[in-house]
Amino acid sequence: MRIGIVQGDITTRDVDAIVNAANSSLLGGGGVDGAIHRAAGPELLEACRELRRTTLPHGLPVGAAVATPGFRLPVKWVIHTVGPNRHAGQTDPELLSSCFRESLAVAREIGAKSVAFPAISAGIYGWDAQEVAEVAFDAVSAYADSPGGAPDLVEFVLFSESTTAVFRSVFGG
Ligand code: AR6
């Protein structure tokens with residue numbers, strides 16, 4: 001597995017799947033969630049509504065992940081996950097680790113060989129970028145060694161220069 005650290009907009013990445021830092025409602029929001037919905041088009045919201053009508057009537061729990069098509073995005077799939085919200089007292093790093101692990105498990109199920117992550121919970125949900133990078137590093141490293149196969153490429157796509165620098169220092173690049 002190769003790991004890339006990239007500064008930019010995740011909606012422009014040409015990978016098999018991008019991960020969305022969503023909320024439990026799956027019905028959109030601000031930040032990277034808003035950007036992904038805008039770029040994917042209204043079909044994405046409709047697909048999320050369909051999940052709510054069928055398999056996820058109570059929404060997607062914190063730390064879980066689910067895939068939809070990418071619609072107008074360059075990717076085949078969007079993997080939606082819900083990070084812990086520090087402002088709501090969700091401070092357990094295991095919940096954040098679960099987001100990375102479960103997203104990679106979904107990527108494996110759908111056959112995505114290249115996956116791009118944003119800095120889950122490092123925006124509106126109030127986590128420190130350093131802690132997010134450390135949790136991401138541990139979770140992805142552990143997954144790389146797990147039986148059953150990891151993607152060929154995992155990218156972290158960071159919006160700001162400062163978050164990119166934090167990820168580069170934690171990942172040793
Ligand atoms: N590409 C890559 N990273 C981005 C982009 C983008 N286009 N836009 C923002 N970021 P956030 P959270 C960065 O707030 O903290 C939404 O309303 C951003 O700078 O998007 O998990 C959801 O619906 C930050 O570093 O996600 C939830 O309600 C990182 O992505 C809530 O926000 C994550 O920031 C989730 O909050």
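Relevant structure appears above.
Residues numbered from 1 in each chain as written. Predicted model: local features only at pLDDT ≥ 70, side-chain atom pairs only at ≥ 80, totals over all residues. Heavy atoms only, no water.

(A) Examining the packing of aromatic side chains more closely. Scanning the entire structure with this criterion turns up seven aromatic pairs. Centroid distance phenylalanine 100 to phenylalanine 117: 5.1 Å. Interplanar angle 50 degrees. Geometry classified as tilted. Pair noted here: phenylalanine 100 is in helix α3 (residues 93–110) and phenylalanine 117 is in strand β5 (residues 114–117), with a separation of 17 residues, a long-range link. Of the two residues examined, phenylalanine 100 and phenylalanine 117, each falls in the buried class. With a centroid separation of 5.5 Å and 40 degrees between ring planes, the pair formed by phenylalanine 156 and phenylalanine 167 is classed as tilted. Of this pair, phenylalanine 156 sits in strand β6 (residues 153–158) while phenylalanine 167 is found in helix α5 (residues 161–171), placing the two residues eleven residues apart along the sequence. For phenylalanine 167, a relative accessible area of 0% corresponds to the buried category. Each residue in the set Phe100, Phe117, Phe137, Phe156, Phe167 and Phe171 is aromatic and connected to the rest through ring pairs, giving one cluster. (Phe/Tyr/Trp six-rings, centres within 6.5 Å; stacked < 30°, edge-to-face > 60°. Helix = DSSP H or I, 4+ residues; strand = E, 2+ residues; numbered from the N terminus. Buried < 20%, exposed > 50% of the residue type's maximum accessible area, 1.4 Å probe, protein only.)

(B) View of the packing of helix α1 (residues 31–40) against helix α2 (residues 42–53). Between α1 and α2, whose axes approach to 5 Å, the crossing angle comes to 115 degrees. Accordingly, the angle class assigned to the pair α1 and α2 is roughly perpendicular. Residues Ile36, His37 and Ala40 of α1 pack against Glu43, Leu44, Leu45 and Cys48 of α2. A per-class count over the contact of α1 with α2 returns five nonpolar, one polar and one charged. (Axes fitted to C-alpha atoms, helices over the stretch in contact; angles between N-to-C directions. Parallel < 35°, antiparallel > 145°, perpendicular 65-115°, else oblique. Contact = heavy atoms within 4.5 Å. Nonpolar A, V, L, I, M, F, W, Y, C, P; charged D, E, K, R; others polar.)

(C) Representation of the site of the ligand. The local shell around the ligand holds 21 residues, among which Asn23, Gly30, Val32, Asp33 and Ile124 are the closest. Within the backbone of serine 121, an N or O atom sits 2.9 Å from an oxygen atom of the ligand. The contact in question runs from an oxygen atom of the ligand to an N or O atom on the backbone of isoleucine 124, over 2.8 Å. Expressed as a share of its isolated accessible area of 700 Å², the protein-covered part of the ligand is 89%. Counting residues per element, the ones that place at least two in the shell around the ligand are β2 (17–22) and α1. (Near = heavy atom within 4 Å. Polar contact = N/O pair within 3.5 Å; in protein donor to acceptor, adjacent residues only side chain to side chain. Areas by Shrake-Rupley, 256 points an atom, 1.4 Å probe, with all protein chains shown as cover.)

(D) Looking closely at the pattern of salt bridges. For the coordinates displayed, the defined rule picks out six salt bridges. Put simply, glutamate 50 and arginine 53 hold a salt bridge, and the shortest N to O gap is 2.8 Å. Taken as a pair, glutamate 50 and arginine 53 lie in helix α2 at a separation of three residues, close to a single helical turn. Glutamate 50 sits in the partly exposed class, given a relative accessible area of 37%. (Salt bridge = Lys/Arg side-chain N within 4 Å of Asp/Glu carboxyl O.)

(E) Expanded view of the packing of helix α4 (residues 129–144) against α5. Following both chains from N to C, one finds α4 and α5 inclined at 40 degrees, their axes separated by 9 Å at the closest point. Our classification of the angle between α4 and α5 gives oblique. The handedness of the crossing between α4 and α5 is right-handed. Touching Ala129, Gln130, Val132, Ala133, Glu134, Ala136 and Phe137 of α4 are Thr163, Val166, Phe167, Val170 and Phe171, all from α5. Within the contact of α4 with α5, the residues separate by chemical class into nine nonpolar, two polar and one charged. (Left-handed = near helix turned anticlockwise from the far one by under 90°.)

(F) Structural view of α2. For α2, which comprises twelve residues, the first-to-last C-alpha distance of 17 Å matches the rise-based estimate of 16 Å (1.5 Å per residue) to within 8%. Inspection of α2 places Leu44, Ala47, Cys48 and Leu51 among the buried residues, and these make up the whole buried set. Angularly, the buried residues of α2 cover 100 degrees about the axis, an arc narrow enough to put them on a single face. Across α2 from its buried face, at more than 90 degrees, point the exposed residues Pro42 and Arg53. (Expected span 1.5 Å × (residues − 1). Arc of directions from axis to C-beta.)

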